[in-house]
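# Commentary on secondary and tertiary structure
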Amino acid sequence: MHDLVAVDIGGTHARFAIASIGGDGAISLDELETLHTADHASFQTAWEAFRSRKGGTLPPAVSMAIAGPVGSPGNPNPVIRFTNNPWIIRPALINEKLGVERFTLVNDFAAVAHAVARADDSQFLDLAGPDKPLGRDGTISVLGPGTGLGVAHLWRSGGQYRVQATEGGHIDFAPLDTIEDAILARLRRRHNRVSVERVVAGPGIVDIYQALAAMEHRTVAECDAIDIWNRGTSGEDSLAAAAVDRFCLSLGSVAGDIALAQGGFAGVVIAGGLGYRIRDTLLASGFAERFKAKGRFESLMAGIPVKLIVHPQPGLFGAAAAFVAEHSPVPGGNA
């Protein structure tokens, strides 16, 4: 058994844990440590804060799941910039700056796809489609709303799997009714191009809420996304609740589009902390109907199992799995 530091860096939080890798490749995580990216000038200072919390010593290996493009294992980007926070990482300096001997860099949703590949069936909750496990062969699409919209996919065959990171969160948003037309029109006033991430990531709830208010000729106070999510999911504010329901509808449409584009007919997995927090709302919403509403392909879409991964830290678990795949391959998985 050997240990490494697993890190999951998003737009808002950087999560750390020590991962222990067994001789058979089994992965276990110790207690989670969460740092706010806004509280640290760089990843190195956040690393030093975590190291201090761990008594000043860390394992000589790290695997980082990063919210942005990282390049390939043999050819990482010379400078890695995050999509939704100002940190940068220079792979050529990781060994020196962090004091490690080996490292792995993986896109955050590629890490989640590694977690999907390694998790057992008990780690998934049914959201839509048939009540059956994810396919053991074929392509599985993985996406999740957080500060941004992460998208990846994995392909499985004969007990092996491969993961592919994508930037599918930046495809064009396609409205399906007059309400979504109004949301798009609002967003177009600020952005030359409106991607799906502008609508079905956590901050998108603000524009949905404001667009619904404008449709009803209501003036509402400016409020942040967390406030709208809290008031919408609790039901205390009917307009916020309508915004949350519209978010779920749009997420269903986007998830179906991603599955069609990737050929994710072995299953679709929704991940991310936001997806887990609104799981009951997703189940009660029109998410499932929107997912399969693809015209001539409706029967095909209806046969795809759509799951929510309920592993508490799929990004950290997946980062560790990606390290195993890159540095010490075991039967059943490879990068």
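In this report, the structure presented in the accompanying data block is examined. (Residues numbered from 1 in each chain as written. Predicted model: local features only at pLDDT ≥ 70, side-chain atom pairs only at ≥ 80, totals over all residues. Heavy atoms only, no water.)

In this structure the tally under the stated criterion is five aromatic pairs. On the basis of an interplanar angle of 50° and a centroid distance of 6.1 Å, the ring pair of Phe43 and Trp47 is categorised as tilted. Of this pair, Phe43 and Trp47 are both found in helix α1 (residues 43-53), four residues apart, which corresponds to roughly one turn of the helix. A single burial state applies to Phe43 and to Trp47, both of which are buried. An aromatic cluster is defined as three or more aromatic residues linked by ring pairs; in this entry it consists of Phe16, Phe43, Trp47, Phe50 and Trp87. The lysine or arginine in question, Arg279, covers the ring of Tyr276, its NZ or CZ lying 3.9 Å from the ring centre. (Phe/Tyr/Trp six-rings, centres within 6.5 Å; stacked < 30°, edge-to-face > 60°. Helix = DSSP H or I, 4+ residues; strand = E, 2+ residues; numbered from the N terminus. Buried < 20%, exposed > 50% of the residue type's maximum accessible area, 1.4 Å probe, protein only. Lys NZ or Arg CZ within 6 Å of the ring centre and 35° of its normal.)

Let us now look at the nonpolar core. Ranked by internal contacts, the top residues of the largest apolar core, which has 47 residues, are Ile205, Phe247 and Phe287. Counting residues per element, this core draws most heavily on helix α7 (residues 238-262), which supplies eleven residues. Those residues in contact with Phe287 that sit more than four places away from it in its chain are Leu127, Ala128, Cys248, Leu249, Leu251, Gly252, Ala255, Ile270, Leu282 and Val306. Membership of the second largest hydrophobic core comes to 38 residues, among which are Ala119, Val142, Tyr161 and Ala322. (Core = buried A, V, L, I, M, F, W, Y, C linked by side-chain atoms within 4.5 Å. Contact = heavy atoms within 4.5 Å.)

Attention now goes to helix α12 (residues 314-327). If you check α12, its first and last C-alpha atoms are 20 Å apart, about what 14 residues at 1.5 Å a residue would give, namely 20 Å. Of all 14 residues in α12, twelve are buried; the element is thus mostly enclosed. Every buried residue of α12 is listed here: Pro314, Gly315, Leu316, Phe317, Gly318, Ala319, Ala320, Ala321, Ala322, Phe323, Val324 and Ala325. (Expected span 1.5 Å × (residues − 1).)

Once that is clear, we can look at the packing of helix α5 (residues 204-215) against helix α6 (residues 225-234). Where α5 meets α6, the axes come as close as 8 Å, and the angle between the chain directions of the two elements is 65°. Classed by the angle they form, the pair α5 and α6 counts as roughly perpendicular. Both α5 and α6 take part in a crossing whose hand is left-handed. On α6, the residues touching Ile205, Val206 and Tyr209 of α5 are Ala225, Ile228, Trp229 and Arg231. (Axes fitted to C-alpha atoms, helices over the stretch in contact; angles between N-to-C directions. Parallel < 35°, antiparallel > 145°, perpendicular 65-115°, else oblique. Left-handed = near helix turned anticlockwise from the far one by under 90°.)

With that out of the way, let us pick up helix α4 (residues 178-188). Turning to α4, its buried residues number three or more, namely Glu180, Ile183, Leu184, Arg186 and Leu187. One side of α4 holds all its buried residues, which, seen down the axis, span an arc of 160°. Along α4, exposed side chains directed more than 90 degrees from the buried face belong to Thr178 and Arg188. Summarising the contacts, the buried residues of α4 are in contact with α5, α7 and α10 (287-292). At the N-terminal end of α4, a side-chain oxygen is found 3.2 Å from the backbone nitrogen of Ile179, two or three residues along, and the residue is Asp177. (Arc of directions from axis to C-beta. Polar contact = N/O pair within 3.5 Å; in protein donor to acceptor, adjacent residues only side chain to side chain.)

With mixed pairing, six strands are arranged side by side in an open sheet as β11-β16-β15-β12-β13-β14. Since the sheet does not close on itself, it has two edges, and those belong to β11 (124-128) and β14 (160-165), each with one partner. If you compare each strand with its neighbour and ignore which way they point, the axes differ by 25° on average. Where β11 and strand β16 (residues 306-309) come together, four bridges link them in antiparallel fashion. Within β16, the residue paired with Phe124 across the bridge is Ile309. (Pairing = 2+ DSSP bridges.)

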